[in-house]
Amino acid sequence: MLAVEVEGLRKRYGDTLAINHLSLTVRKGEIFGILGPNGAGKTTVVECIAGLRKQDAGRIRVADLDPQSQRSKVREILGVQLQECKLPEKLRVEEAIRIFSSFYRDPADPEKLLVDVGLADKRRAYFENLSGGQRQRLSIALALVGQPQIVIFDELTTGLDPQARRHVWELVESVRASGTTVLLVTHSMEEAERLCDRLALIDSGRTVACDTPAELRATAMQALGRDNVTLEDAYLRLTGKNFEVAE
Ligand code: ADP
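Criteria and thresholds
Residues numbered from 1 in each chain as written. Predicted model: local features only at pLDDT ≥ 70, side-chain atom pairs only at ≥ 80, totals over all residues. Heavy atoms only, no water. pLDDT = per-residue confidence, 0-100. Helix = DSSP H or I, 4+ residues; strand = E, 2+ residues; numbered from the N terminus. Near = heavy atom within 4 Å. Polar contact = N/O pair within 3.5 Å; in protein donor to acceptor, adjacent residues only side chain to side chain. Areas by Shrake-Rupley, 256 points an atom, 1.4 Å probe, with all protein chains shown as cover. Nonpolar A, V, L, I, M, F, W, Y, C, P; charged D, E, K, R; others polar.

(A) Broad picture of the confidence of the model for the protein. Confidence in the prediction for the protein averages 93 pLDDT; 98% of positions are at 70 or higher. Per-element mean pLDDT across the protein ranges from 90 in helix α9 (residues 231–239) up to 98 in strand β4 (residues 57–62).

Take a look at the structure:
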């Protein structure tokens, strides 16, 4: 069963062809990664999937729904966390959850959500006083408040220290364990390797390969005729480009 289908997607911004005939499919229940360097087109793809941008060409289905013509239905089943979470400084954690809950017919239990994301003891804290990791955990809670079947996380751990990063990774794994399909946008090879069941490697608006991290490495290992091949080597082999990580 497919959670998300993208076929022949094209999106242009003025002279920039950001997405060029990109296809991918996300299966129900998996953590699917969209991995590529900055500027590859990752955010544009997920914004189109979420119905926040209209593609110039191509077909998108989210659980068989069209994000453009069936936007309100898609909102009920798709949670979105896009890049850095910015909220008013004097908004308290529990207030943010309450406000976002009011957008949904059947919201998650706010108490359970606070416990699940590890912010129960921060419920009264102002947004401005949260650490980077706590802000990201709040943004995960806000993406989950509508009890979505599918959730998109975009660059969730960029800028976090290693410990906060690990906590966020564990949280993403627990989200999947609860039955939610996760679509994860990242430019971190380490994150992709650690979390994703399958990955689409994206270069210049196209999917250059889509497989499990192990299979992507195995294919590159065979082609390169050596062991110890990383995802970075696989990317270089497929695109001829170094994967420049700007963290
Ligand atoms: P990524 O998420 O992989 O960093 P993006 O989807 O943000 O990639 O961007 C893909 C390309 O489209 C880049 O060349 C970027 O500069 C361009 N782009 C993205 N958003 C806009 C926009 N709103 N206007 C013009 N160009 C954009």
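(B) Expanded view of the site of the ligand. Around the ligand, a shell composed of Y13, T16, A18, P37, N38, G39, A40, G41, K42, T43, T44 and R53 is seen. Between the ligand and the protein, one listed contact pairs an oxygen atom with a backbone N or O atom of A40 at 3.1 Å. The separation between an oxygen atom of the ligand and a polar side-chain atom of K42 is 2.8 Å. Contact with the protein chains covers 60% of the free accessible surface of the ligand, which is 560 Å². The set of elements that each furnish at least two residues to the shell around the ligand consists of β2 (16–27) and α1 (42–49). The element best represented in the shell around the ligand is α1, accounting for three residues. Of the residues belonging to the shell around the ligand, the class tally is four nonpolar, six polar and two charged.

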